Every structure is written in C-alpha cells, then in structure tokens.
Number of protein chains: 2
Amino acid sequence: MATIYDVAARAGVSPATVSRVFNGSSVSPDKVRQVLRVAKELGYTPNRTARALRMQTSNVIGLILADIENPFFTALARGVEDVAGEAGCSVVLCNSDEDPAREARHLQIAVSEHMAGVILVPAGGHSDVTALIERGRPVVSVDRTLHGSPVDSVVADNLAGGRAATTRLYERGARRVACVTGPEAAETAQLRSAGWQEVFTERSPGADPREYLVHADYRVGGGRAAMVRLLAHPDPPDAVFVANNLMAVGALRALEERGLRPPGFGMAAFGDLPYFPLGPAGIDVVPLPARTIGATAAKLLLERIKGSTEPHRTIVLGNEPDT
Amino acid sequence: MATIYDVAARAGVSPATVSRVFNGSSVSPDKVRQVLRVAKELGYTPNRTARALRMQTSNVIGLILADIENPFFTALARGVEDVAGEAGCSVVLCNSDEDPAREARHLQIAVSEHMAGVILVPAGGHSDVTALIERGRPVVSVDRTLHGSPVDSVVADNLAGGRAATTRLYERGARRVACVTGPEAAETAQLRSAGWQEVFTERSPGADPREYLVHADYRVGGGRAAMVRLLAHPDPPDAVFVANNLMAVGALRALEERGLRPPGFGMAAFGDLPYFPLGPAGIDVVPLPARTIGATAAKLLLERIKGSTEPHRTIVLGNEPDT
DNA sequence: CGCCCGCCAGAAATCGATTGCAGCCGTAAA
DNA sequence: TTTACGGCTGCAATCGATTTCTGGCGGGCG
C-alpha cells in the first residue's frame, strides 16, 4: 500500500503537502497537479486507520439493528445508507439480536473504532450510550425512544396506528377485535396495543381487554402461537390487530391452518407485510415508513456530526407509506 | 477515554507492561493484578484504531452483500455472524446493491480499514479483490464464484437444484415447465436455468427452450413481469421454475391476478420463500441453506486469517435446508 | 529602499497501541 | 567469586496520517 510518504518522495514534496492537497488547504497549482499525478500512479489511498487515529474520528457511522432478518429493519437500513452515502459516509451494520449484551459490545466497538456517530434500535429499553455521548459522538435512536439519554429519536406514531387499524376493523363489521402485540418490555408493543385498547373498550364495551390481548415476541412463531391462543377463547374474536409484520405472517399461518383467512376473519397489521405474494388480500395494513425513518435518522445524525447543538428532538412520523 | 498511558501511570508501570498484560506476555503476577485493577477503575479499553494501525490488521471482518433486503442474504449474514462472533471477530455489513462501483468502494474501505478479511457476494462477476489479496487479506466469495482470483468460494449446487425442481414439476404432471431466471450476467442464473433446460428439452422435446425462458432481475417486480410474459405465450406453460425467492413472490402475484395459483399451476422455486404466510401451499421449494453457506464461508475465512495456505477451494453445498 | 504581510511548504509533534532491544536482578553452575 | 542465563521491565521506534509552528519568499505600501 502506497503511503503518503511514498507519494511525497516521488512528487518531490513533503508529506504535509500531500496531505494538504487531499484536504483542501492552500497548495500551489503545479504541486497539486504533480501530487495528484503521482497519487494516481501509485494508486494511493489515505489510510483510514491512521487518519482516524489522528483525527479522533472517522467518516463511518454505525447502525445497530435489533433483527437483521426483519425486512422492516433492512428497509430502514436502506434509508440510512441512501442518506449517508450521499454525504460520503459509509455505514456499518451490526446486529444486536435484541440482546442488550450484544448491543453493548457493538456500542463499545463504535467507541473504540472512532465511529462518527451511531444509529441505534435500542434492544433493552435502557441501552447505555454514555460512552459515546461523553466523547461527543452523537447517537440517534430509531423505532424506539431511549429514555434518559441526550439523543434524538425517530419513531412511528404507534398509538395512532394501533387506534386506526382497530377502528378500521370495526368499521368493516368486526364484532370483537383481538390484539397480538410484542414483548411487554417493548415500548412499541405497549403503544400499539394501547391504541387498540382504546378502541376496543369503546366498541366492545362488555368484554375484558385482557382476554383479547396477547404479548408475543415480534417473530413469526410467536405470532402464530398467539393467534392460536386467541382462537381458543370460548368467545373467540372475529378479527385481530397484529402489532408487527412478522407476527402477522405467523397469525396468518395459524388462521390458514384452521381454514380461516382474511377478509372473512378480519386482520390488520402494523407495518407492511414482507414480500407478501398476494397483494393486500383483505388485510388492513398500517403503513410504516421504514425507509423514511432511516433516512430521517441519518439526516439528524449527520447534522449532529456537523456540530449542531440544538435541543434533542423526538420525531414522530405519521403512518404513511414510504414514497 | 483512558489510554494505555493513563493506566500505566496510575499503576506505576510502563505502557509496555500494560500492553503485555492484555496480550499475554510474561508479567509478574502482582503487576498483572495491579494493572487489571487500575484498568477496571479507569474503564480502560484498548483503542482499536491505534492497535489496527500498529498491527496492520484488526479483528473486524467485512461482509459485502448484494442486496440487504433479500432474506436469503440476511440469513447468510446470520450464519457469518454466528461463527465470527464465536471467534471473537466483529462483522461489519455493507450493501453493494449489485452495483460494481459500490462494491469497489466497500472493498477499498475494507483495505484501508485494515479489515482482517472479507466475505463477498460478487456483484459483477469480475470483482477486483487484488488489493486485498496483495496485502494478505483473505477473501471468500459466497453464492457466486469469483474467477481468476485466489479465493475460496461457497456456493449452492445451482445446476442440480434447477434440475431437481424442474423434474419434480414434470413428475407432478406438468406438460410444459417454463423458467424465470436471473440476469444473464449472473452465474447463479445461468446454472439454475441450465438445470431447467436439461430437463425441459428431455421432457418437452418439441418445444423451443428459448421461448419458455425469461431472464429477470432477481426481484419481485421482475418476477412478476416475467411471469406475465410467459403467460402471454400462445401455448402457455402450465408450470414454472423460478430461480430465486423474490421472483417467486412476484410470479405468484402475477398468477394470482389471473386467478391461477399453485398447485393448479405448478410452481417450483430455488430458495425458501421469505416469510411465506401459507406454508408450502403447493410450491416446490429447492432448499437453499443460506445460513450454512454463511457459516461455512466464515469458517474458511477464519482459517485463512489464522494463516492457512492450503490450495483454494470451492465448496458446493447440497440443496438441503438449514438445520 | 525598507518593512510588513500573506502565501506556501517543510519539520516535527501527535494520536494510542505494539514490540525489538537492552538492562536489571537473582539464581545456578563452574 | 565469577559467568551465564532467564525472567521481567522499560525505552524508544513504529504504524500513516494531520496539523501547528516556523521560515522563506515575493509583492505592496509607506
């Protein structure tokens, strides 16, 4: 690998000059030309490690996802990449798998790799990002908020979405709408089911919401099991609001196994169904602008990296599809 | 951030000793204890950037994917992560989006970030990995082989899979099996359709294979369009072999729009359908062990990183599901 | 004609870790 | 008692870039 010294020697200048050529300080035009020519000849690229060490920062931003196999998160990642790429940053992606320990390890790496900033889907609800913050590295949380830390957040309107989805099911004639939501600890799960519950208590006044609400794990298997449980109720629901995409797939499977399917059995889902082969097919989808969430988060992060010190914001995006 | 000098000063030893404590050289037991205590007090973590600069290598391995939104690749990524994580390496994931230019940029970064090695889904068929190789950084290609470079490869048995899928459709009574495959430039697309063609010419001797083979882009939209074209044939097929998961989804949509669906209209797909809500539902799936491919590649890469100099291998994995 | 200022370029310090080399000390062998 | 040896330890060089400081040079102004 050609270093800055090789270029300097061959161009008959000092390393400082070469550095200045690449970092836009004042260098006489002929030396600029000279240096660029040699650099091209030698195939020189600045060593990012050395640069990061010296500058105490890099142009890499970290993106820590909770589940890399969930299309919602990968779409979000696309949004981040699009914006970051345009700004000349590279994105490195890590997978916490909803495990706070793995998340902590990745955050640690972000610090010691001098990443310029981090976009994080907090796994535990109490992720510790102080190490980043102390070093002036901005953090943006996405999909879920991060309490008690000075970070920006970008989330969907979970409460309104839950409400809207449930309302639509009732308007389509459902008598009793159940709810499959995520883990109790998950903020999104709470909000989405809270939206459901508001409408449920109003529209199904006699019934006990607790009997029609099941917490699962936001994954296919969990959604299926939850649906099975709901169908076993003595007075079973005739529609269901499922709080995320993967569980909706699971719930559909459970229904299918019993010969049920939308729209006969009403279903609404929060977030677009992944690669659903059969159009909407009677399922009400509350759009979740994954890509926009990612893009917005990336913009916020880049602003912070550039030095913005505005008060920290939580941006709640409406439930509209990605453009 | 506490540095090695802070620890050294506070523990009353030299930085060299601190370094040796963390890198397992001989240090007297009491100094070890002393250093570790101080390190914990100060929350010291070695600066990976500095270390990478000095050692000319890091324990980060790069994984460059062609399409991060394709569940096949994310499953593959999981396989890589599982193995690498166990070996104490971190994985950073990049997305080339099938674009050789983006891929080149990521490879460049891999070099200048001193990554220990790279696992690559080659985008163009002629990816240039010489920069890595020259520096002794191993590269493993996955899903597709990389001609002309000294790298290990891990691929699925595309030819056999194409053959098997097509055979099964004929055995289920199909009269004429069409094929939707990937881009002409893609090796996997060629092999899978070659498998199909072998069986097709044998079982449908009168017909011209070229009329029943469509190249598309390995994405949902492309699969749908391809299927539409095939159905417009004057003597339309009554079954189709689709060469990847996403195009199968698209093809299903096209069928659905015309009131067709498996198993009435035969369909076989190469690779598991993503989050398919309705079990197999009459679709023949050639399993593609995505996770195993990733895990195998990671093992090969780690061996190379450890210094193995065995001749380079191409591992062809059979079409069996992930365990 | 002399002085000052601005522009350009180079020398050298710096970021934080690793590591070859050399010195120190204690013990065992001669 | 001297020599040798081996285990610890520290000094200082090193990785490759950035950046401050300093100095040379030329031009404009008094």
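Look up a bit, the structure's there.
So, here is what we can say about the structure in this document. What you see is a predicted model, and the numbers here were worked out from it, not measured in a lab. (Residues numbered from 1 in each chain as written. Chains lettered and ligands numbered in written order. Predicted model: local features only at pLDDT ≥ 70, side-chain atom pairs only at ≥ 80, totals over all residues.)

Assigned secondary structure in chain A consists of twelve helices and eleven strands. On C-alpha atoms alone, chain A measures out to a radius of gyration of 25 Å, which is more than a quarter above the 20 Å that the 2.2 N^0.38 rule sets for 323 residues. Oriented by its inertia axes, the alpha-carbon framework of chain A measures out at about 85 × 40 × 30 Å. When each of the 323 residues of chain A is scored for burial, the buried share is 53%. Across chain A, every contact between residues at least 6 apart in sequence was considered, and the portion connecting residues at least 24 apart equals 68%. (Helix = DSSP H or I, 4+ residues; strand = E, 2+ residues; numbered from the N terminus. Rg over C-alpha atoms; globule rule 2.2 N^0.38 Å. Buried ≥ 20, exposed ≤ 12 C-beta atoms within 10 Å, placed from the backbone. Contact = placed C-beta atoms within 7 Å.)

Take the interface of chain B and chain A next. Contact with chain B, which involves 38 residues of that partner, is made by 38 residues of chain A. Top contributing element to the side of chain B that touches chain A by residue count: helix H5 (residues 71-86) of chain B, with six residues. Across the side of chain B that touches chain A, the residue classes tally to 20 nonpolar, ten polar and eight charged. (Nonpolar A, V, L, I, M, F, W, Y, C, P; charged D, E, K, R; others polar.)

What follows covers the relation of the copies chain B and chain A. When chain B is fitted to chain A, the best match, at an RMSD of 0.2 Å, comes from turning it 180° and sliding it 0.1 Å along the axis. What the rotation and shift describe, once combined, is the action of a two-fold rotation axis. (Least-squares fit on C-alpha atoms with pLDDT ≥ 70 in both.)

Of all residues adjacent to DNA strand C, which total 28 residues, the nearest are Ser26(A), Ile4(B), Ala16(B), Ser19(B) and Ala50(B). At six residues, the largest contribution of residues to the surface near DNA strand C is made by helix H2 (residues 15-23) of chain B. For the surface near DNA strand C, a count of residues per class yields 15 nonpolar, eight polar and five charged. (Near = placed C-beta within 6 Å.)

Residue and element names in this part refer to chain A. With respect to spatial proximity, 28 residues lie near DNA strand D, and among them Thr3, Ile4, Ala16, Asn47 and Ala50 are the closest. Residue contributions to the surface near DNA strand D peak at six residues, all from helix H2 (residues 15-23). In terms of residue class, the surface near DNA strand D is made up of 15 nonpolar, eight polar and five charged.

A few words on the sheet that holds strand E6 (residues 177-181) of chain B. All names here are of chain B. Strands sit in the order E7-E6-E8-E9-E10 across an open sheet of five strands; the sheet is parallel. Pairing within the sheet leaves two strands with one partner each, and these edge strands are strand E7 (213-215) and strand E10 (283-286). Sheet twist, expressed as the average angle between the axes of neighbouring strands with direction ignored, equals 15°. Sheet topology places E6 next to strand E8 (residues 239-242); four bridges connect them, and they run parallel. Bridge pairing in E8 places Ala178 opposite Val240. The sheet contacts of helix H10 (residues 220-231) involve E6, E7 and E8, and relative to E6 the element is tilted by about 150°. (Pairing = 2+ DSSP bridges. Axes fitted to C-alpha atoms, helices over the stretch in contact; angles between N-to-C directions.)

By size, the foremost hydrophobic cluster in this structure holds 180 residues, and its most contacted members are Val240(A), Ala251(A), Val240(B) and Ala251(B). If sequence neighbours within four positions are ignored, Val240(B) has contacts with Val177(B), Ala178(B), Cys179(B), Val180(B), Met227(B), Leu230(B), Ala251(B) and Met267(B). (Core = buried A, V, L, I, M, F, W, Y, C linked by C-beta atoms within 7 Å.)

Next up on the list: unusual backbone geometry. All names here are of chain A. A positive phi is found at His114, a non-glycine position, where the angle reads about 60°. Here His114 shows up in the loop between helix H6 (100-112) and strand E3 (117-120). The class for His114 is buried, based on 23 C-beta atoms found within 10 Å. Backbone geometry places Tyr218, a non-glycine residue, at a positive phi of 70°. The topology assignment puts Tyr218 in the loop between strand E7 (213-215) and helix H10 (220-231).

All names here are of chain A. Relative to the helices and strands, Arg144 resides in the loop between strand E4 (139-142) and strand E5 (152-156). For Arg144, a count of 23 C-beta atoms within 10 Å corresponds to the buried category. With eleven residues separating them in the primary sequence, Arg144 and Val155 have C-alpha atoms 6.0 Å apart. Residues contacting Arg144, with those up to four places away along its chain left out, are Val121, Pro122, Val155, Glu187 and Thr188.

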